[in-house]
Amino acid sequence: MGKAAAAGGGAGGARRWLPWLGLCFWAAGAAAARGADNGETLPESIPSAPGTLPHFIEEPDDAYIIKSNPIALRCKARPAMQIFFKCNGEWVHQNEHVSEESLDESSGLKVREVFINVTRQQVEDFHGPEDYWCQCVAWSHLGTSKSRKASVRIAYLRKNFEQDPQGREVPIEGMIVLHCRPPEGVPAAEVEWLKNEEPIDSEQDENIDTRADHNLIIRQARLSDSGNYTCMAANIVAKRRSLSATVVVYVNGGWSSWTEWSACNVRCGRGWQKRSRTCTNPAPLNGGAFCEGMSVQKITCTSLCPVDGSWEVWSEWSVCSPECEHLRIRECTAPPPRNGGKFCEGLSQESENCTDGLCILDKKPLHEIKPQSIENASDIALYSGLGAAVVAVAVLVIGVTLYRRSQSDYGVDVIDSSALTGGFQTFNFKTVRQGNPLLLNSSMQPDLTVSRTYSGPICLQDPLDKELMTESSLFNPLSDIKVKVQSSFMVSLGVSERAEYHGKNHSGTFPHGNNRSFSTMHPRNKTPYIQNLSSLPTRTELRTTGVFGHLGGRLVMPNTGVSLLIPHGAIPEENSWEIYMSINQGEPSLQSDGSEVLLSPEVTCGPPDMTVTTPFALTIPHCADVSSEHWNIHLKKRTQQGKWEEVMSVEDESTSCYCLLDPFACHVLLDSFGTYALTGEPITDCAVKQLKVAVFGCMSCNSLDYNLRVYCVDNTPWAFQEVVSDERHQGGQLLEEPKLLHFKGNTFSLQISVLDIPPFLWRIKPFTACQEVPFSRVWCSNQQPLHCAFSLERYTPTTTQLSCKICIRQLKGHEQILQVQTSILESERETITFFAQEDSTFPAQTGPKAFKIPYSIRQRICATFDTPNAKGKDWQMLAQKNSINRNLSYFATQSSPSAVILNLWEARHQHDGDLDSLACALEEIGRTHTKLSNITESQLDEADFNYSRQNGL
């Protein structure tokens, strides 16, 4: 009421004197006109230069009232007959104005300047939709001009921080994030960080960032970063200090290398020796954990005691020689010297005159003459013995060599284990016998009509060559001869023409060398078969699409392991996009450089011009046995010009994207669509590619023949799907569950053998039971399937059961055995499923049903863990509990780090949806009391219903 009355009084007063003011202006103007006519000068109180609107030289500025001190607002204009202030739409009383006049020397015009004071009480008493404001109005002969509005606010700064920084203990090179929310104030407070009471300048230290919402981020903690950190907030009113946060950067201890083993502590007998290490690499600092394990190791040792030699007793004297002398000897064998013992001292032979000096030679007693002839005879015997020993060893070596050659004409020195027992016991199909990977069936009678005609084993890689199985990639075990090869597949397909092959002397011929040579068919012989290639089915594009909106969803490529997760909110509201995903089925466009290997399919997602507000998750399968010690894996993207460029290395730190490498797939968080692939560069020979090996079978055109095709493909679901598609076209049937083979990058080739064929029921042509594939064809297969084919022949049509083993092994590497037990009759054959059907049910899922975590629970998790905690139980610990331990700076740059971590969890658990593991992680952190695994289906449905209702569905 007081304020209203005052405002009313002020307004009434203004209204009372404003008409008078206008009358004064008119009278002054008239007097000035008369004076001008009479030749009188203008009075000083009246501005000159009529006909010009006032121009403000100085306008009132925004101001803050500090404590109870009033502030002064001022205006200056020229030419101006009068200037008055209007505050909050009402004129300020004339008595509250202080006016000054001056002359502008440059223009000769009068300059008028006006001041008013605004008190704290006036601002506090004003209640309006906006801040307290004032404006100047200046008059001249032509009219009025208005200045800008200047706001007046009461400045303040509250005492308590909205969020004080919390102390942290972090390992060295870990990331430190200290959060600070300054107190509320007008004007807003500026934040400065202090470390041990000294200001921190982030411009001089690239490792420190203080620009993100007043937070202090140290990307890689150093020992020097330990200290007390304080957040300082200040404005024009006051300064405030937060509570100090103590940051401790600790170093966990690491063991040094072991010392060499000490010498055995006893000279001979049983003792011990030891070695030691110290926890100094590095030494634990600032409360870091001490090294786990033993610092000293002891092992027992046994030192053999030296045994000095000792003489046996002398032998009997020999008979008297013609030289009138006899001998006796002794040996140092009682015991002989061992383990470094001393040899016997003294002579091992004695001689003396056996006639008591009566026999003389050259006028000297015989015992005075040195028996040189005897020594010469001893030397002759020694050399003769050595010569005989050398001859015996040579004869033994030649004999062994001839024996080995007689057992294996072409390097196969072990016979089939089934041949050893085939003639003495009944055959049982379920009996499994161990065999050699290189065995031949010796129980079969040799076919003398084809002494130089061999059925060629076939190894194919190009899918088009699968129709040319009759004459491709034949082994040539003989060198420098012309060999006619008639493939058993030619017989089964009714092809009678024989192709000629010319053997060449390759280094390391089959099966001894590591670099096997594959013969190729002469171009003129391919013509009859190329005509049939047009009948091959063309590959349909492997592609899937879905329409997604603000609710997000999941797009899955069935049976390929490739999927795309669009998070909730990644697409703006009221927008929707048709998103597609495809896999390159042709030759890979990514050409490997140097030792790089393509580890995944080339995956394209789009449209490329689409933008998202939250990173999406792309899951790409790979075939590498993950180990940072042996592989350097890169994510690459194809540019619009068709070139491939590296996005990042999986082990790199980056804020543009994130790669999480699981044992069989890589989950990538990206902001842009395009074509991506994974490549690997082996660091050591121990780098391993995972191969999936499988065997398919089908009847041949010849009713007695049965074909086995053994595939070795990169262990990605997409690569195996290619094999399944081709086999379905050829009528093949999977005979055994596929298995994994670990193929090392040690340059050794791959060997495939058929073992334990029933000797009286089935047979395989000579020299076709074992095939070998060079290392480079397997290692650089680039996701293209590779297979070897074998042809078995029944003795009689009544044989319907086949039992054998397929051995796939890398020389000096891993081995897998595929046990084949099948009926060749399709009606009796047991069907083995290729893929689980869970992927192909719904390729595109949208909305809440696409996610494993209910939306309401997801919101609670994000609200809980996005907020920093004094004990460090925030999103960083959530990431750690979900095995996300590196490149945390990527999540720190996101608006909701917890949401991105949960998106990554959704991508990793799209098949199992293991909410128990997530619930256990949350319970270990201790920030939630809700157990996700106890959520019932009705609760999930209710959460989805509430979510849909909130979003207008």
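A quick note: this is a predicted structure, and the numbers were derived from the prediction, not measured.

Reading guide: rules and limits
Counting from 1, residues in each chain are numbered in the order their sequence is written. Whole-chain, interface and lining totals are the exception, using all residues; otherwise, since this is a predicted model, local features are given only for residues with pLDDT of at least 70 and side-chain atom pairs are given and counted only at 80 or more. Side-chain figures throughout are based on the complete set of non-hydrogen atoms in the structure, without hydrogens or water. Working definition: helices are DSSP H or I runs of at least four residues, strands are E runs of at least two. Numbering for both runs from the N terminus. For the exposure calls, accessible area comes from a 1.4 Å probe over protein chains only, and a residue counts as buried if that area is under 20% of its type's maximum, exposed if over 50%, partly exposed in between. Residues count as neighbours in contact if any of their non-hydrogen atoms are within 4.5 Å of one another. In this description, accessible areas are obtained by the Shrake-Rupley approach with a 1.4 Å probe, and a residue is regarded as covered only by the protein chains that are shown. Two cysteine sulfurs form a disulfide in these notes if their separation is within 2.5 Å. Patches here: salt-bridge-free residues with over 30% relative accessible area, like charges joined within 9 Å, nonpolar side chains (Val, Leu, Ile, Met, Phe, Trp, Tyr) joined within 5 Å. Basic side-chain nitrogens of Lys or Arg form a salt bridge, by our definition, when they fall within 4 Å of a carboxyl oxygen of Asp or Glu. Should DSSP find at least two bridges between two strands, the strands are regarded as paired. Residues enter a nonpolar core if they are buried and are Ala, Val, Leu, Ile, Met, Phe, Trp, Tyr or Cys, with the set joined through side-chain atoms within 4.5 Å. Comment: axis = line fitted to C-alpha atoms, over the contacting stretch for helices; angle = value between 0 and 180 degrees taken between N-to-C directions. When describing relative orientation, an angle under 35 degrees is termed roughly parallel and one over 145 degrees roughly antiparallel, while 65 to 115 degrees is termed roughly perpendicular and anything else oblique. Helix crossings fall into two classes, left-handed where the near helix is turned counterclockwise from the far one by less than a right angle and right-handed where it is turned clockwise. Ten residue types, Ala, Val, Leu, Ile, Met, Phe, Trp, Tyr, Cys and Pro, are classed as nonpolar, four, Asp, Glu, Lys and Arg, as charged, and the remainder, Gly among them, as polar. In protein, a polar contact means a hydrogen-donor-capable atom and an acceptor-capable atom, both N or O and within 3.5 Å, with residues adjacent in sequence counting only if both atoms are side-chain atoms; elsewhere, any N or O pair within 3.5 Å suffices. Two rings belonging to Phe, Tyr or Trp (six-membered ring only in the last case) form a pair when the distance between their centres is within 6.5 Å. Interplanar angles under 30 degrees mark stacking, angles over 60 mark edge-to-face geometry, and anything in between is tilted. For a lysine, the NZ atom is tested; for an arginine, the CZ atom; a charge sits over a ring if that atom is within 6 Å of the ring centre and within 35 degrees of the ring normal. Arc, as used here, means the arc of the directions from the helix axis to the C-beta atoms. Confidence of the prediction at every residue is given by pLDDT, a number between 0 and 100.

Could you clarify how one ought to interpret the overall build of the chain in this entry?
When helices and strands are counted, the chain shows 15 helices and 55 strands. Buried positions account for 45% of the 953 residues belonging to the chain. The contacts of the chain with a sequence gap of at least 6 include a subset with a gap of at least 24, amounting to 70%. Counting every atom, the chain has about 50300 Å² of accessible surface; 51% of that belongs to carbon and sulfur.

What is the right way to read the state of the cysteines from this model?
All chains considered together, the criterion is met by eight disulfides. Across a sulfur-sulfur distance of 2.2 Å, Cys 268 and Cys 305 are joined as a disulfide pair. Its S-S torsion of approximately 85 degrees makes the covalent link between Cys 268 and Cys 305 right-handed. In this pair, Cys 268 sits in the loop between strand 20 (245-250) and strand 21 (269-276) while Cys 305 sits in the loop between strand 22 (296-303) and strand 23 (325-329), placing the two residues 37 residues apart along the sequence. One disulfide in the model links Cys 320 with Cys 354; its S-S distance is 1.6 Å. Residue Cys 320 is located in the loop between strand 22 and strand 23, and its partner Cys 354 is located in the loop between strand 24 (349-353) and strand 25 (360-361); the two are separated by 34 residues in the primary sequence. Cys 666 provides the cysteine sulfur closest to Cys 659, a residue in no disulfide bond, and the two sulfurs are 4.5 Å apart. Residue classification places Cys 659 among the buried residues on the basis of a relative accessible area of 1%.

What is the right way to look at a nonpolar patch on the surface in this model?
Judged by side-chain polarity, Ile 172, Leu 223 and Leu 285 come together as a nonpolar surface patch covering roughly 220 Å² of accessible area. Structurally, Ile 172 is set in the loop between strand 11 (168-171) and strand 12 (176-178).

I tried to follow the pairing of strand 33 (residues 542-548) on my own but got confused; where do I start?
Regular strands show a simple pattern: their side chains alternate between the two faces of the sheet. Side chains Leu 542, Thr 544, Gly 546 and Phe 548 project from strand 33 onto a buried face, and the interleaved Arg 543, Thr 545 and Val 547 project onto a face without burial. Where strand 33 meets strand 36 (residues 577-583), seven bridges bridge the pair, whose relative direction is antiparallel. Considered in strand 36, the bridge of Leu 542 is made with Ile 583.

What is the right way to read the nonpolar core from this model?
The nonpolar side chains of a soluble globular protein tend to be buried, and buried together. Ranked by internal contacts, the top residues of the largest apolar core, which has 80 residues, are Leu 564, Leu 618, Leu 708, Ile 806 and Ile 808. In terms of residues, this core owes the most to one element, strand 46 (residues 705-714), which gives six residues. Beyond its immediate sequence surroundings of up to four residues, Leu 618 is in contact with Ser 563, Leu 564, Met 581, Val 603, Cys 605, Cys 666, His 667, Val 668, Leu 670 and Tyr 676. The next biggest cluster of nonpolar side chains, apart from the first, holds 33 residues, and it includes Ile 217, Leu 565, Leu 660 and Leu 888.

Sorry, what's going on with the packing of helix 10 (residues 855-865) against helix 13 (residues 897-908) here?
What describes two packed helices is the angle between their axes and the distance between those same axes. Interhelical geometry of helix 10 versus helix 13 gives an angle of 135 degrees and a closest axis separation of 8 Å. Relative to helix 13, the element helix 10 is oriented oblique. Of the two possible hands of crossing, helix 10 and helix 13 adopt the one that is right-handed. Counted together, Arg 858, Ile 861, Cys 862 and Phe 865 of helix 10 and Ser 898, Ala 899, Leu 902 and Asn 903 of helix 13 form the full contact between these two elements. Class assignment of the residues belonging to the contact of helix 10 with helix 13 gives a composition of five nonpolar, two polar and one charged.

Just checking my understanding: could you explain the pattern of salt bridges for this structure?
When their charged atoms lie close together, side chains carrying opposite charge are able to pair. Inspection of every chain in the model, using the stated rule, returns 19 salt bridges. Arg 222 is paired through a salt bridge with Asp 205; the nearest N and O atoms lie 2.8 Å apart. Of the two residues, Arg 222 is situated in the loop between strand 17 (216-218) and strand 18 (227-234) and Asp 205 in the loop between strand 15 (198-199) and strand 16 (208-209); the sequence distance between them amounts to 17 residues. Put simply, Arg 74, Lys 76 and Glu 113 are held in one network by salt bridges that share partners.

In this structure, what is going on with the sheet that holds strand 43 (residues 665-670)? I would like to understand it.
Note on sheets: strands pair through backbone hydrogen bonds, and any given pair is parallel or antiparallel. Across the sheet, six strands lie side by side as 42-43-39-35-34-55; this open sheet has antiparallel pairing. Looking at the sheet topology across the chains shown, the edges are occupied by strand 42 (658-661) and strand 55 (844-846). Across the sheet, the mean angle from the axis of one strand to that of its neighbour is 10 degrees, orientation sign disregarded.

Would you explain the sheet that holds strand 51 (residues 770-773) in this entry?
What the four strands build is an open sheet, ordered 51-49-53-54; its pairing is antiparallel. Two strands lie at the open edges of the sheet, namely strand 51 and strand 54 (815-823), each paired on one side alone. Each adjacent strand pair in this sheet contributes to an overall mean axis angle of 15 degrees, direction not counted. Bridge analysis of strand 49 (residues 750-755) against strand 51 gives four bridges, and the strand direction is antiparallel. Note on strand 51: the bridge partner recorded for Gln 751 is Glu 772.

Honestly, the environment of Trp 311 in this entry has me stumped. Any pointers?
As for its placement among the helices and strands, Trp 311 is situated in the loop between strand 22 and strand 23. Put simply, Trp 311 and Pro 336 are 25 residues apart on the chain and 8.3 Å apart in space, counted from C-alpha to C-alpha. Apart from the residues within four sequence positions on either side, Trp 311 is in contact with Arg 330, Glu 331, Cys 332, Ala 334, Cys 344, Glu 345, Gly 346, Leu 347 and Ser 348. At 2.6 Å, the side chain of Trp 311 forms a polar contact with the backbone oxygen of Glu 345.

Can you help me understand the packing of aromatic side chains in this one?
Between two aromatic rings, the relevant description is the distance of the centres plus the angle of the planes. Per the stated rule, a full pass over the model turns up 15 aromatic pairs. Through pairs of rings, three or more aromatic residues link up here, namely Trp 631, Phe 743, Phe 775 and Trp 779. In this structure, Arg 543 packs its charged tip against the face of Tyr 580, placed 4.3 Å from the ring centre.

What exactly am I supposed to notice about helix 10 here?
Two residues of an α-helix separated by three or four positions point the same way, owing to the 3.6 residues in each turn. All of the buried residues along helix 10 are Tyr 855, Ile 857, Arg 858, Ile 861, Cys 862 and Phe 865. Buried residues along helix 10 cover an arc of 160 degrees about the axis, so they all sit on one side.

Any chance you could explain the environment of Glu 596 here in plain terms?
Structurally, the position occupied by Glu 596 is in the loop between strand 36 and strand 37 (597-598). By relative accessible area, which is 11% here, Glu 596 ends up buried. Once the C-alpha coordinates of Glu 596 and Ile 633 are considered, the two residues, 37 residues apart in sequence, prove to be 9.1 Å apart. Other than its neighbours up to four places away in sequence, Glu 596 contacts His 634, Lys 636, Thr 679, Gly 680 and Glu 681. Among the polar contacts made by the side chain of Glu 596, one reaches the side chain of Lys 636 at a distance of 3.0 Å.

What should I look at first to understand the confidence of the model for the chain in this one?
Low-confidence regions, as indicated by low pLDDT, have predicted coordinates that should not be scrutinised in detail. This prediction gives the chain a mean pLDDT of 75; 72% of its residues lie at or above 70. Note that residues 836-840 has pLDDT below 50 and, in this model, seven contacts with residues that lie over four places away or in other chains.

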